[in-house]
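Commentary on secondary and tertiary structure
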Amino acid sequence: SRAGQAYGAPQCAARPCTRSSSPTSQRLASLMTAAVATVAAPAPAATAMPAACAANEEERPEWLRLFCARAPAEEVAAAWKAGFSAEQAKEAEADAPTARARLRRAVVDCEAPEVRADAADGWRYTGGVLRAAD
């Protein structure tokens, strides 16, 4: 799109690009690890997204299970926030736009069939979840 080109976003011929290897994207990916980790010991950045988007439903965080089940957006956002540690909750409160961006990136980077279906539908459901997270 023209808007993406204006901001220097990469353009792919076959489909929209969802991954980038720029230093900023790499840093964002490592920061998202905290947003999707649901255990006391956070996963390494290299394995955080595959763990969150695992094909095995039992391995998915609660917010992603709800997302894939198309639960009401408010429930998904509440489950996402409930997965925060005390420190992550403080950070999210202090910098809500960054926390929301982490959720967006976690969803966009997920390869789960339900997420890909939402991508094909123009990210409508994701948009509702992000608005609920605000």
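Okay, so let's go over this structure. Just so you know, these numbers come straight off a predicted model, no measurement behind them. (Residues numbered from 1 in each chain as written. Predicted model: local features only at pLDDT ≥ 70, side-chain atom pairs only at ≥ 80, totals over all residues. Heavy atoms only, no water.)

1. A closer look at the overall build of the chain
Stated formally: Elements are defined by DSSP. Helices are runs of H or I of four residues or more, strands are runs of E of two residues or more, and each kind is numbered from the N terminus. Partly exposed describes any residue whose relative accessible area lies between the buried limit of under 20% and the exposed limit of over 50%, with all areas from a 1.4 Å probe on protein chains only and scaled to the type maximum. Whether two residues touch is decided by their heavy atoms; if any such pair falls within 4.5 Å, the residues are in contact. Computed with a 1.4 Å probe, the accessible areas rest on the Shrake-Rupley method; for each residue, only the protein chains presented here act as cover.
Assigned secondary structure in the chain consists of 9 helices and 0 strands. Listing every helix and strand of the chain by position from the N terminus yields α-α-α-α-α-α-α-α-α. Across the 134 residues of the chain, 35% fall into the buried class. Contacts in the chain between residues far apart in sequence, at least 24 positions, make up 55% of those at least 6 positions apart. Of the accessible surface of the chain, which amounts to about 8,100 Å², a share of 56% is contributed by carbon and sulfur atoms.

2. What to know about the packing of aromatic side chains
Rules: Pairing of aromatic side chains requires ring centres within 6.5 Å, counting the rings of Phe and Tyr and the six-membered ring of Trp. Pairs whose planes differ by under 30 degrees are stacked, by over 60 edge-to-face, and all others tilted.
This structure, assessed with the given rule, holds 2 aromatic pairs. When the centroid spacing of 4.9 Å and the interplanar angle of 70° are considered together, the rings of Trp80 and Phe84 count as edge-to-face. Judged by relative accessible area, Phe84 falls into the buried class, the value being 16%.

3. Comments concerning the nonpolar core
Heads up, the rule is: Among buried residues, those of type Ala, Val, Leu, Ile, Met, Phe, Trp, Tyr and Cys that are joined through side-chain atoms within 4.5 Å constitute a nonpolar core.
Grouped together as the largest cluster of nonpolar side chains are 24 residues, with contacts concentrated most on Trp63, Phe67, Val76 and Leu103. Counting residues per element, the ones that place at least two in this core are helix 4 (62-68), helix 5 (73-82), helix 7 (96-109) and helix 9 (124-133).

4. Remarks on the environment of Trp63
Among the structural elements, Trp63 can be located in helix 4. Along the backbone, Trp63 and Ala73 are 10 residues apart, and their C-alpha atoms lie at a distance of 9.9 Å.

5. Notes on the layout of surface pockets
Just so we agree on the cut-off: Throughout, the protein atoms alone are placed on a 1 Å grid, and a set of points is a cavity if a 1.4 Å probe fits but cannot get out or a pocket if it is open with protein on both sides within 12 Å along at least five of seven lines; lining residues have an atom within 4 Å of a point. Grid points are joined across faces, edges and corners, and a volume is the space filled by probe spheres set on the points. For this scheme, ten residues count as nonpolar: Ala, Val, Leu, Ile, Met, Phe, Trp, Tyr, Cys and Pro. Four count as charged, namely Asp, Glu, Lys and Arg, and the remainder, Gly too, count as polar.
Its boundaries defined by the atoms lining it, the second largest pocket holds a volume of some 180 Å³. For the second largest pocket, the full set of lining residues is Trp80, Lys81, Phe84, Ala89, Ala92, Glu93, Ala96, Ala99, Arg100, Ala133 and Asp134. Going through the elements one at a time, helix 5, helix 6 (86-94) and helix 7 are the ones with two or more residues in the lining of the second largest pocket. Here the residues of the lining of the second largest pocket are counted per class, giving 7 nonpolar, no polar and 4 charged.

6. Examining the pattern of salt bridges
The criterion, for reference: A pairing counts as a salt bridge when a side-chain nitrogen of Lys or Arg comes within 4 Å of a carboxyl oxygen of Asp or Glu.
Counted by the stated rule, this structure contains 6 salt bridges. Here Arg105 and Asp109 are joined by a salt bridge, their closest N and O atoms 3.1 Å apart. Residue Arg105 and its partner Asp109 are located together in helix 7, separated by 4 residues, close to a single helical turn. The pair formed by Arg105 and Asp109 is uniform in burial state, with each residue classed as buried. Across the pair Arg116 and Glu111 runs a salt bridge whose closest N-O atoms are separated by 3.9 Å.

7. Brief notes about the environment of Pro113
Within the element layout of this structure, Pro113 appears in helix 8 (residues 113-120). Taking the C-alpha atoms as reference points, Pro113 and Cys68, 45 residues apart in sequence, are found 8.4 Å from one another.

From the geometry alone we can't say anything about function, so treat these as descriptive.
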